[in-house]
Amino acid sequence: MKSVLLPVVALAMIDSVGRVLMQQRPQAKEHGGLWEFPGGKPESGEGPRTALVREIAEELGVVVDPSQMFEITFASQESGPDQRAIVLLLYGCRNWEGEPQCLEPGARIAWVDRAAMLALPMPPLDVPLARALAPILDSVMK
Ligand SMILES: Nc1nc2c([nH]c(=O)n2[C@H]2C[C@H](O)[C@@H](COP(=O)(O)OP(=O)(O)OP(=O)(O)O)O2)c(=O)[nH]1
């Protein structure tokens, strides 16, 4: 599939006991039923943090300060016959305003600890992101 590299941004919201908020994709969408870090595609003119502020407000109804976000890691896939090239950037944050609610129709959200996160079925690029996040969740629990 020939197309321009697609950037996607995602946020690991980490609570005070080291759990992270995961979002289950609606069944009808690509990767339906799989669990991912909330986020999405930047719109024209947006940087990664600006895009995340918007996506997190739209999907979860909470306000995140871009200066409170920190880079964790990224994952990428090359283009192939049936897939496009993607780079998925994972940010983290420990503070936000409001209680997350699932505002996307057909989606679900859950707070999960390290072990539960690693056991969730995820789209392929979220898997290495979760592995990189695991030791960060451990350090919060200590
Ligand atoms: N998180 C994640 N997204 C992936 C993977 N592989 C893959 O093609 N994607 C695509 C699906 C979407 O096109 C895009 C993620 O953006 P999104 O969360 O806004 O997706 P969406 O389907 O809700 O998009 P839309 O309805 O708003 O157009 O990345 C993956 O492994 N993890």
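For the protein chain, the name recorded in an unreviewed UniProt entry is 8-oxo-dGTP diphosphatase, with Novosphingobium cyanobacteriorum as its organism. Recorded under Sequence similarities (unreviewed entry), the UniProt text for the protein chain is reproduced unchanged: "Belongs to the Nudix hydrolase family."

Visitor: Explain the sheet that holds strand β2 (residues 20-24) to me, please; I cannot follow it from the model alone.
Guide: Strand pairing in a sheet is mediated by backbone hydrogen bonds. Such pairs are either parallel or antiparallel. Here three strands make up an open sheet; going across it, the order is β3-β2-β7 and the pairing antiparallel. Bordering the open sheet on either side are β3 (35-36) and β7 (108-112), each of which pairs with just one other strand. Bridge analysis of β2 against β7 gives five bridges, and the strand direction is antiparallel. Residue Q23 lies in a different strand from β7, and its bridge partner there is I109.

Visitor: Help me understand the site of the ligand, please; the structure alone is not making it clear to me.
Guide: Around the ligand, 15 residues are found, and the nearest of them are R25, K29, K41, L125 and D126. Within the backbone of P124, an N or O atom sits 3.4 Å from an oxygen atom of the ligand. Look at the ligand: alone it shows 630 Å² of surface, and the protein chains cover 76% of it. Looking at the shell around the ligand, the elements that each hand over two or more residues are β4 (39-40) and β6 (86-93). Here the residues of the shell around the ligand are counted per class, giving six nonpolar, three polar and six charged.

Rules used in this analysis
Residues numbered from 1 in each chain as written. Predicted model: local features only at pLDDT ≥ 70, side-chain atom pairs only at ≥ 80, totals over all residues. Heavy atoms only, no water. UniProt positions renumbered as here; feature names shortened; annotations may be inferred. Pairing = 2+ DSSP bridges. Helix = DSSP H or I, 4+ residues; strand = E, 2+ residues; numbered from the N terminus. Near = heavy atom within 4 Å. Polar contact = N/O pair within 3.5 Å; in protein donor to acceptor, adjacent residues only side chain to side chain. Areas by Shrake-Rupley, 256 points an atom, 1.4 Å probe, with all protein chains shown as cover. Nonpolar A, V, L, I, M, F, W, Y, C, P; charged D, E, K, R; others polar.

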